[in-house]
Amino acid sequence: LDLCKPLRWCWSRRVRTLWILSMALAIDFGMFDMLVPLLPSYEAEMSLGEVQLGVFMGSYSFAAVLITVPTGMASEHTGHMSLWMAGSAAALALASLGFAFAKTFPLLLVARAVQGVCSGVSWTVAVSYLGSMFGQDFAFALGFQEAAALVGSLLGPAFSGWLYEVDHTVLVPCIAFAAICGVVAVFQLFLPPPQLPNEEAGPLFKPAPVAHLQTDDLKKTLKETVKPAVASTLIQLLRDPRVWFAYLTNVCLMIQMGFSYSVIPIYMDDTLHAR
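Residues numbered from 1 in each chain as written. Predicted model: local features only at pLDDT ≥ 70, side-chain atom pairs only at ≥ 80, totals over all residues. Heavy atoms only, no water.

Draft legend 1. Representation of the packing of helix H5 (residues 81-101) against helix H8 (residues 171-188) in the model. For the pair H5 and H8, the least separation of the axes is 8 Å and the interaxial angle reads 170°. Considering the angle they form, H5 stands roughly antiparallel to H8. Each of Ser82, Met85, Ala86, Ala89, Ala90, Leu92, Ala93, Ser96, Leu97, Phe99, Ala100 and Phe101 in H5 lies in contact with H8, whose residues at this interface are Leu171, Cys174, Ile175, Phe177, Ala178, Cys181, Gly182, Val184, Ala185 and Gln188. In terms of residue class, the contact of H5 with H8 is built from 18 nonpolar, four polar and no charged. (Axes fitted to C-alpha atoms, helices over the stretch in contact; angles between N-to-C directions. Helix = DSSP H or I, 4+ residues; strand = E, 2+ residues; numbered from the N terminus. Parallel < 35°, antiparallel > 145°, perpendicular 65-115°, else oblique. Contact = heavy atoms within 4.5 Å. Nonpolar A, V, L, I, M, F, W, Y, C, P; charged D, E, K, R; others polar.)

Below, the structure written as structure tokens:
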């Protein structure tokens with residue numbers, strides 16, 4: 001019995017990479033939700049209307065949509081994914097400082113747009129990183145990464161609201177998040193290349209046996225499964241109605257999320273006098 005095997009697994013290159021990438025996406029989601037308890041403060045200090053607050057929150061998604069596809073293409077061609085992730089986290093720190101010191105609505109809008117760009121970059125590069133490094137364990141790695149992002153979404157607004165109570169200004173929570181993003185940016189620089197040495201190239205978990213398939217049948221099945229995925233192009237994907245169904249479903253979910261993020265904090269402040 002090899003008692004050191006679990007420790008070696010926990011300290012393997014892929015697991016370390018997964019923790020570092022998950023850290024970046026957790027702070028990304030935390031930053032996204034960090035502004036929710038601060039919206040009433042921005043509304044009062046800058047005399048912003050509900051439409052302006054809606055545009056402010058929506059500028060994040062608008063910028064992320066514009067940058068996501070170009071980032072995926074550029075990161076694949078240029079490589080250096082660790083620099084992409086570190087640069088995204090560093091820019092996120094600058095965006096947080098922008099939230100802290102912006103005194104006009106246009107500057108606030110620019111900071112929010114920069115945050116959206118950072119999110120588009122980090123999510124695109126991180127998923128690409130996982131696909132290159134985890135292979136058969138991609139589903140496990142992606143699920144772990146999504147869970148980390150949701151933890152950030154859970155803790156971000158609570159931590160921001162707690163820091164806001166220190167002096168009832170946006171300075172303290174925004175500067176604190178900027179410092180955290182700076183630390184995360186340093187960690188991203190230690191991401192290893194997505195190519196793995198041979199001793200780590202196998203799956204993290206032993207796959208289920210497929211004894212009922214003969215070798216030739218298994219090769220044929222894999223060939224038929226992989227070939228359409230490899231041959232798929234962007235145009236072919238856009239012609240697939242299932243892609244559009246999934247896309248529109250996500251759009252509806254994001255509309256509901258954006259609506260609640262913009263309206264609920266203002267409603268609670270105006271009606272319940274709670275921040």
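From this point, the discussion proceeds with the structure in view.
Draft legend 2. Representation of the packing of helix H4 (residues 50-78) against helix H6 (residues 105-134) within the structure. Packing of H4 against H6 leaves a shortest axis separation of 6 Å and a crossing angle of 35°. Two packed elements cross with a definite hand, and for H4 against H6 that hand is right-handed. Taken together, the residues that form the contact of H4 with H6 break down as 14 nonpolar, twelve polar and two charged. (Left-handed = near helix turned anticlockwise from the far one by under 90°.)

Draft legend 3. Structural view of the confidence of the model for the protein. Averaged over every residue, the pLDDT of the protein is 77; the share at 70 or more is 72%. The least confident element of the protein, judged by mean pLDDT, is helix H9 (residues 215-231) at 47; the most confident is H8 at 93. Low pLDDT, under 50, characterises residues 207-215; the stretch is placed with three contacts to residues that sit more than four places away or in other chains. The model gives residues 225-231 a pLDDT under 50, and that stretch makes two contacts with residues more than four places away or in other chains. (pLDDT = per-residue confidence, 0-100.)

Draft legend 4. Main features of empty space enclosed by the protein. For the structure on display, the rule yields one cavity of 30 Å³ or more. Taken as a whole, the largest cavity spans an internal volume of roughly 60 Å³. Around the largest cavity, the lining residues are Ala24, Ile27, Asp28, Met85, Ser88, Ala89, Leu92, Cys118 and Ser122. Of all the elements in the fold, those that place two or more residues in the lining of the largest cavity are helix H2 (13-34), H5 and H6. With four residues, H5 is the single largest residue contributor to the lining of the largest cavity. By residue class, the composition of the lining of the largest cavity is six nonpolar, two polar and one charged. (1 Å grid on protein atoms, 1.4 Å probe; cavity = no way out; pocket = protein on both sides within 12 Å on 5 of 7 lines; lining within 4 Å. Points joined across faces, edges and corners; volume = space filled by probe spheres on them.)

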